[in-house]
Amino acid sequence: MKKNTVTIADFSPHLFWDVKAGTLDLYKHHQIITERIIQRGSRKDWQLMERTYPREQIIAAVKRIDWLSEKDMAYVHVYFGIPYNEMRCYTKKQSAPYC
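Structure report, in brief. (Residues numbered from 1 in each chain as written. Predicted model: local features only at pLDDT ≥ 70, side-chain atom pairs only at ≥ 80, totals over all residues. Heavy atoms only, no water.)

**Some remarks on helix α4 (residues 70-80)**
No. 1: Taken together, the buried positions of α4 are occupied by Asp72, Met73, Val76 and Phe80. Mapping the buried residues of α4 onto a view down its axis gives an arc of 100°, with all of them on the same face. Exposed side of α4, more than 90 degrees from the buried face: Glu70, Lys71 and Val78 are the residues found there.
No. 2: Following α4 by one or two positions, glycine 81 adopts a phi angle in the positive range, close to 70°. (Buried < 20%, exposed > 50% of the residue type's maximum accessible area, 1.4 Å probe, protein only. Helix = DSSP H or I, 4+ residues; strand = E, 2+ residues; numbered from the N terminus. Arc of directions from axis to C-beta.)

**Brief notes about the pattern of salt bridges**
No. 1: The full count for this structure, using the stated rule, is five salt bridges.
No. 2: Of the charged contacts in the structure, one is a salt bridge between glutamate 86 and lysine 63, with a shortest N-O distance of 2.8 Å. Of this pair, glutamate 86 sits in the loop between α4 and α5 (88-95) while lysine 63 is found in helix α3 (residues 55-64), placing the two residues 23 residues apart along the sequence.
No. 3: On the basis of relative accessibility, which here comes to 27%, the residue lysine 63 falls in the partly exposed class. (Salt bridge = Lys/Arg side-chain N within 4 Å of Asp/Glu carboxyl O.)

**A closer look at the nonpolar core**
No. 1: Counting residues in hydrophobic clusters, the biggest one holds 24 residues, and the most contacted among them are Phe11, Ile38, Val62, Val76 and Phe80.
No. 2: Of all the secondary structure elements, the ones that give two or more residues to this core are α1 (30-40), α2 (43-52), α3 and α4.
No. 3: Not counting the four nearest positions on each side in its chain, phenylalanine 80 is found in contact with Ile38, Trp46, Glu50, Arg55, Ile58, Ile59 and Val62. (Core = buried A, V, L, I, M, F, W, Y, C linked by side-chain atoms within 4.5 Å. Contact = heavy atoms within 4.5 Å.)

Purely geometric numbers; function is a separate question.
Below you can see the structure in the form of structure tokens.
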């Protein structure tokens, strides 16, 4: 993990509206934090995420996301250079296209 002074309170509050304040740990809950930022985060949230987590950790988390919109999937494919067939959300969509 990168050393920084970022806290969960620095991210947009709408990302974690359903979570009690103070219960999310930046490192213990990195998967859900990354997922919410990818799906609903602002440019500032993305910058904070990239300051907080190593790129490799973000890519690993993105690969494990179960669902992304077509737009978000295409964006992370280009931005991080992740092949579609390595993203769980893409392989799940291929096996169940009605979802």
